[in-house]
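Residue strings, one per chain:
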Amino acid sequence: MIYKMYDLPNRENSSVFLKTYIIEKTSFNPERLRPLVLIVPGGGYGHFGQREQESVAIRMNSLGFHAAILHYSLAPMKFPDALCDVANSVALIRENAKDWAVDASKIILCGFSAGGHLAASLGCFWNSSFLQDYVEYKPEQIRPNYLLLCYPVVTSDEAYCHAGSIQNVIGSIDESEAQKICASLKKNSIRDVVSIEKNITGDFPPSFIWHTVQDKAVPAKNTLLLVNELYEQGIDCEYHLFNRGKHALALANAESANPDGTNSEKECEVWPELFKNWFVGV
């Protein structure tokens, strides 16, 4: 495995970087290209969940995927800082696809909780005119090919939203900038802009999504709203709503559990294999 850290293009913030977990080439098949899973950890846009990082990257490696982990902008920030980070990271992967033996048509964003919101945001806006004002890459360079969303924050609806994530991602954006973005996207408010289910188009990537009924931090209504919109738009989607399991399960097994065994759930630990089976069939 090749483990390296990279600063993101066009970003001066030293806390924003990419860590790679690249499977080394084999002598018997040196030209093989692999898909890459870019892991976007959760943490409410205020910190990074440790369980949703290296253990997930290693699990993806074991399933035959290259992996990388993105450390993106956190609060205090303003929209769309973090979105620019994930867009730039996809462009960086594409620029290095040949050297890293990555299939550039199979870049998967794997987002957890608030990281799922960030991954889905790029799924919504990769080809939007508004984002072109903030990144230097063409839409095809920042396009995620697939999404893997794990108990993601989706909606800004006050009845179901994770309030801290929504507030942190909007951040300190000034009114004139917010109005400019809203006008470009034909939205009434910046909260509508960051509400994923209100921004789904036919260009949204094929998606694998899972959640749990018992999640109290980010209610499953978030993913139900999202999946309904994907269905309406005809987007390829596989959705698993497990009954048991609290928020922030990560792998849901001993590899990402707390020392006392919490944050694991036998019912949910099958999700990586379910994702791979879906991905092979897409």
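Residues numbered from 1 in each chain as written. Predicted model: local features only at pLDDT ≥ 70, side-chain atom pairs only at ≥ 80, totals over all residues. Heavy atoms only, no water.

Draft legend 1. The arrangement of the packing of aromatic side chains in detail. The final tally for this structure, using the stated rule, is 20 aromatic pairs. Summarising the aromatic geometry, the rings of Phe-79 and Phe-130 are spaced 6.0 Å apart at their centres and angled 20° between planes, so their arrangement reads as stacked. Taken together, the residues span a long stretch of sequence, with Phe-79 in the loop between strand S4 (66–71) and helix H2 (81–95) and Phe-130 in the loop between helix H4 (114–125) and helix H5 (139–142) at a distance of 51 residues. The pair formed by Phe-79 and Phe-130 is uniform in burial state, with each residue classed as buried. Feature note: the residues Phe-65, Tyr-146, Phe-208, Phe-275, Trp-278 and Phe-279 constitute an aromatic cluster, connected by ring pairs. (Phe/Tyr/Trp six-rings, centres within 6.5 Å; stacked < 30°, edge-to-face > 60°. Helix = DSSP H or I, 4+ residues; strand = E, 2+ residues; numbered from the N terminus. Buried < 20%, exposed > 50% of the residue type's maximum accessible area, 1.4 Å probe, protein only.)

Draft legend 2. Representation of a nonpolar patch on the surface. A cluster of nonpolar side chains, contributed by Met-1, Tyr-3 and Met-5, occupies part of the molecular surface with about 340 Å² of accessible area. Relative accessible area serves as the criterion here: at 41%, Tyr-3 is assigned to the partly exposed category. (Patch = residues over 30% accessible without salt bridge, like charges linked within 9 Å, V, L, I, M, F, W, Y side chains within 5 Å. Areas by Shrake-Rupley, 256 points an atom, 1.4 Å probe, with all protein chains shown as cover. Salt bridge = Lys/Arg side-chain N within 4 Å of Asp/Glu carboxyl O.)

Draft legend 3. Quick look at the sheet that holds S4. Pairing within the open sheet is mixed, and its eight strands lie in the order S1-S2-S4-S3-S5-S6-S7-S8. The open sheet terminates on both sides in strands that have one partner only, identified here as strand S1 (2–7) and strand S8 (237–242). Each neighbouring strand pair of the sheet contributes to a mean axis angle of 15°, computed without reference to strand direction. In this sheet, S4 lies alongside strand S3 (residues 34–40) in parallel orientation, the contact comprising four bridges. Paired with Val-37 across the strands is Ala-67, a residue of S4. Contacting strand S2 (17–22), S3, S4, strand S5 (102–112) and strand S6 (146–150), helix H1 (residues 54–62) runs over the sheet at an angle of about 160° to S4. Contacting S6, strand S7 (207–212) and S8, helix H9 (residues 221–233) runs over the sheet at an angle of about 150° to S7. (Pairing = 2+ DSSP bridges. Axes fitted to C-alpha atoms, helices over the stretch in contact; angles between N-to-C directions. Contact = heavy atoms within 4.5 Å.)

Draft legend 4. Here's a closer look at unusual backbone geometry. The residue after Ala-75, namely Pro-76, is reached through a cis peptide bond having omega 5°. Position of Pro-76 relative to the elements: it lies in the loop between S4 and H2. Cis geometry marks the peptide bond from Phe-79 to Pro-80, where omega comes out at 10°. In this structure, Tyr-45 takes a positive phi of about 60° despite not being glycine. Here Tyr-45 is to be found in the loop between S3 and H1. With relative accessibility at 0%, the residue Tyr-45 sits in the buried group. Located in the positive-phi region is Lys-186, a residue other than glycine, with phi close to 60°. With respect to the secondary-structure elements, Lys-186 resides in the loop between helix H7 (175–185) and helix H8 (190–193).

Draft legend 5. Quick look at the nonpolar core. Residues Leu-18, Leu-38, Phe-79, Leu-83, Leu-122 and Ile-142 are the most contacted members of the largest nonpolar core, which totals 66 residues. The element contributing the most residues to this core is H2, with nine residues. When residues no more than four places from it in sequence are discounted, the contact partners of Leu-122 are Leu-83, Val-86, Ala-87, Val-90, Leu-109, Leu-131, Ile-142 and Pro-144. Ranked by size, the runner-up nonpolar core spans 30 residues in total, among them Val-37, Ala-67, Ile-69 and Phe-275. (Core = buried A, V, L, I, M, F, W, Y, C linked by side-chain atoms within 4.5 Å.)

Interpretation in functional terms is not warranted from these geometric data alone.
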